[in-house]
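# Topology and contacts: notes
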Amino acid sequence: MAVRAAHHYYDAQSGDTGAVTFLDSAVVGFDEGLSDFLSAVRRTSGRVPVLILSDSARITPAFDRLTEIAGALSLIRDGGGYRLMRGGLWAPRVADFLTQGPTNAPSISPRHLIRRPLVDVLYVSASLYHPAKASAMVGRSVELIAEAFAPAGEVSFSWGRYEPAGAAWDRAGITSLARRKMPAIDLTIALHGEGFTATGTMSVNRTHLGIEEYVELAIAVPGRGASEHEPRALALLRALSQETRPQFVLVTRTKGFPDTSLPTSARVPASPVAILVGRAGLKQLDVNPSAVAERHGGTVEGVGKRLNLVVPLTAAAPGDWAPLIQLIKTLDEEGTTTVARVLGHSDQAESAPPGGPESRRTNPASGA
């Protein structure tokens, strides 16, 4: 079936390979029409979905993540041609990006390197697991993120399959929908309060380890000083250790707009703020968490056998990952296996980690 007959978001065709839609909004999000377009392209034509945005547009964190895992090609109008939203490579035709590469000599667009005035935005990437039981309920991680980062005052939570996320927060309802949509579902999340905005996604996936709740939230508190980022991140990781079953949590700092939207030009390199390695990872690495925590100024959090390693990683320079690299070296030195093996980047890897091959993120379903 032709995409043109199947979907109103279809605007053009690029050869036999690409199905093109033009997204002209000032802020481009992952709305219902876009989600359905991605599904229709894959199911009815097998083409690559091509999303073309204006140079002045902003994108939401949900758009950024969900279009990438759905395999969409995001391009920005740039002079007499187009540039890759991720990377900045310029070419005169859409078709150039659907072949082996631009026919002309590859070049980075100068406009890709222009940065606009931005504010600090924190990113929380959290993988948590639940036993596959009827009593399991997802969503507590989102509440804990709000408690850790929101200024004092009431925070409004909302969720949905698409943006804008307009449904009132209901963990029981979210869990029920996730069960009906197994093995995987992606949701959008929005949090708002006085001087506080957080937006992003929550994915619920069935894996061989149980039910994975994977959350990515971008958090903007424009009036807050950079010195508060690390203590609040560590407070979040301690709370997750006490109330959930985290497998891996990473908090990073980058730059964005006050509503957490991102520019379509080059982004400020992310900087690590704090990390949590859960019990399963510590077990696979076979390390003594107390020894690692002492060496890196971290702590061991959790109760009973559910212990987690929490380590601050803040560096002075933006984009400096040296503290995390040093932590990885210590984990390799102290353990009986390597981080690469645990993460599945070795031929000797025996099992996938949280968020590995069985995760929704590496095998997106239609309409992701």
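Please read all numbers here as calculations on a predicted model, not as lab measurements.

Calculation rules
- Along each chain, numbering runs from 1 in the same order as the chain's sequence is written.
- Owing to the predicted nature of the model, reporting of local features is limited to residues with pLDDT of at least 70; listing and counting of side-chain atom pairs is limited to 80 or more, with chain, interface and lining totals taken over all residues.
- Computation of side-chain values covers all heavy atoms of the structure but excludes hydrogens and water.
- Think of it this way: any DSSP run of H or I at least four residues long counts as a helix, any run of E at least two long counts as a strand, and we number them from the N terminus.
- Take the number of residues in a helix, subtract one, and multiply by 1.5 Å to get its expected span.
- Residue exposure (1.4 Å probe, protein chains only): buried if accessible area is under 20% of the type maximum, exposed if over 50%, otherwise partly exposed.
- Directions pointing from the helix axis toward each C-beta atom define the arc.
- By definition in these notes, contact holds between two residues if any of their heavy atoms fall within 4.5 Å.
- Stacked, tilted and edge-to-face are the three classes assigned to paired rings of Phe, Tyr and Trp, where Trp is represented by its six-membered ring and a pair needs centres within 6.5 Å; plane angles under 30 degrees give stacked, over 60 edge-to-face, the rest tilted.
- Each ring is checked for a lysine NZ or an arginine CZ that lies within 6 Å of its centre and within 35 degrees of its normal; such an atom marks a charge sitting over the ring.
- For two strands to be treated as a pair, DSSP must find at least two bridges joining them.
- Note on geometry: axes are lines fitted to C-alpha atoms, helical ones only across the stretch in contact, with angles between N-to-C directions running from 0 to 180 degrees.
- A residue's pLDDT is the predictor's confidence in that residue, given on a scale from 0 to 100.
- Here, the term nonpolar core denotes a set of buried Ala, Val, Leu, Ile, Met, Phe, Trp, Tyr and Cys residues that are joined through side-chain atoms within 4.5 Å.

Turning our attention to helix H6 (residues 229-243). Spanning 15 residues, H6 covers 21 Å between terminal C-alpha atoms, matching the ideal 21 Å at 1.5 Å per step. What H6 keeps buried is the set His 229, Ala 233, Leu 234, Leu 236, Leu 237, Leu 240 and Ser 241. Buried residues of H6, seen end-on, are gathered within an arc of 155 degrees and therefore sit on one face of the element. Tucked into the core, H6 has its buried residues touching strand E10 (119-130), helix H4 (140-149), strand E16 (246-256), strand E18 (271-277), strand E19 (299-303) and strand E20 (306-312).

Moving on to the packing of aromatic side chains. Enumeration over the complete set of coordinates arrives at one aromatic pair. Lying over the aromatic face of Phe 257, Arg 58 brings its terminal NZ or CZ to 3.6 Å of the ring centre.

The subject of this paragraph is the pairing of E16. E16 sits mainly inside the fold: nine of its 11 residues count as buried. Inspection of the sheet shows E10 paired to E16 by 10 bridges, in the antiparallel sense. Of the residues in E16, the one forming a bridge with Leu 128 is Pro 246. Here E16 runs beside E18; their pairing, made up of six bridges, is antiparallel. Looking at the pairing, Thr 252 lines up with Pro 272 of E18.

Spatially, 10 strands are ordered E12-E11-E13-E14-E15-E10-E16-E18-E20-E19 in an open sheet, and the strand pairing comes out antiparallel. The open sheet has two free edges, formed respectively by strand E12 (167-168) and E19, since each of these has just one partner strand. Running at roughly 25 degrees to strand E14 (residues 196-207), helix H3 (residues 61-69) makes contact with E10, strand E13 (184-193), E14 and strand E15 (210-220) of the sheet.

Turning our attention to the confidence of the model for the protein chain. On average, residues of the protein chain score 86 in pLDDT, and 88% of them are at 70 or above. A low-confidence stretch, residues 346-368 (pLDDT under 50), is modelled with 51 contacts involving residues beyond four sequence positions or located in other chains.

Let us now look at the sheet that holds strand E5 (residues 58-59). Taken together, the three strands give an open sheet; going across it, the order is E3-E5-E17, and neighbouring strands pair in mixed fashion. The open sheet has two edge strands with one neighbour each: strand E3 (27-28) and strand E17 (262-263).

Time to look at the nonpolar core. Core analysis: the largest hydrophobic core is formed by 42 residues, its most contacted members being Val 124, Phe 149, Leu 191, Phe 196 and Ile 219. In terms of residue count, H4 provides more of this core than any other element does, six residues in total. With residues up to four places along the chain from it excluded, the contact list for Phe 149 reads Leu 122, Val 124, Phe 196, Ile 219, Val 221, Arg 224, His 229, Arg 232, Ala 233, Leu 236 and Val 251. Ranked by size, the runner-up nonpolar core spans 27 residues in total, among them Leu 34, Leu 38, Ala 57 and Ile 69.

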